[in-house]
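The residues making up each chain are set out below.
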Amino acid sequence: MSMLLDIRFFDEPTKKAVYEKQTSEAKQKGISNCPYCTLENKSNSKKIWAIKDMDADHVSAWSKGGKTDIENCQMLCKTHNRTKGNK
């Protein structure tokens, strides 16, 4: 059972690498490092979140066959990760 659960969660090196890439790109563009925050016309649209305030998310939902690898990982602010669900 533990082995199955492990494949659902991104490891720390993956989360850190994705966070650093997203944050660097966001700073260059002057937008938030949470892709969902950038879609809103609110103060968070330009907010740079600390890694501790973000969760790793499967771009293609794990429950729908999305892989747990760096290509399918994005960092979202905790609020957006929790509202996204398995979409």
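Preceding block: the structure.
Residues numbered from 1 in each chain as written. Predicted model: local features only at pLDDT ≥ 70, side-chain atom pairs only at ≥ 80, totals over all residues. Heavy atoms only, no water.

Novice: Even after reading the chapter, I still don't get the overall build of the protein chain, so can you show me in this structure?
Specialist: Summing up its helical and strand segments, the protein chain has three helices and two strands in all. Listing each helix as α and each strand as β along the protein chain from the N terminus yields α-α-β-β-α. Looking at the 87 residues of the protein chain, the share that counts as buried comes to 32%. Across the protein chain, every contact between residues at least 6 apart in sequence was considered, and the portion connecting residues at least 24 apart equals 52%. Of the roughly 6000 Å² that the protein chain leaves accessible, carbon and sulfur atoms contribute 55%. (Helix = DSSP H or I, 4+ residues; strand = E, 2+ residues; numbered from the N terminus. Buried < 20%, exposed > 50% of the residue type's maximum accessible area, 1.4 Å probe, protein only. Contact = heavy atoms within 4.5 Å. Areas by Shrake-Rupley, 256 points an atom, 1.4 Å probe, with all protein chains shown as cover.)

Novice: Which parts of the structure should I look at to understand the environment of Lys-67?
Specialist: Assignment of secondary structure puts Lys-67 in the loop between strand S1 (54-58) and strand S2 (73-77). For Lys-67 and Phe-10, which are 57 residues apart along the polypeptide, the C-alpha to C-alpha distance reads 10.0 Å. Sequence-distant contacts of Lys-67, that is, excluding residues within four places in its chain, are made with Phe-10, His-58 and Asn-72.

Novice: Looking at this model, I keep getting lost on the pattern of salt bridges. Mind explaining?
Specialist: It is possible for side chains of opposite charge to pair when their charged atoms get near one another. Within this structure, the stated rule accounts for seven salt bridges. Note that Glu-12 and Lys-15 form a salt bridge whose closest N and O atoms lie 2.7 Å from each other. Within this pair, Glu-12 and its partner Lys-15 are both found in helix H2 (residues 12-29), separated by three residues, close to a single helical turn. Taking the relative accessible area as the measure of exposure, Glu-12 reaches 53% and is therefore exposed. (Salt bridge = Lys/Arg side-chain N within 4 Å of Asp/Glu carboxyl O.)

Novice: I keep staring at H2 and nothing clicks. Help me out?
Specialist: When the terminal C-alpha atoms of H2 are compared, their 26 Å separation across 18 residues agrees well with the 26 Å that a helix rising 1.5 Å per residue should span. Of the residues flanking the end of H2, it is Gly-30, one or two places downstream, whose phi is positive at about 70°. (Expected span 1.5 Å × (residues − 1).)

Novice: I keep staring at the side chain of Gln-22 and nothing clicks. Help me out?
Specialist: Looking at the element boundaries, Gln-22 is found in helix H2. Take Gln-22: its relative accessible area is 14%, and that puts it in the buried class. Once you skip the residues sitting within four places of it in the chain, Gln-22 turns out to touch Asn-33, Pro-35, Met-54, Gln-74 and Met-75.

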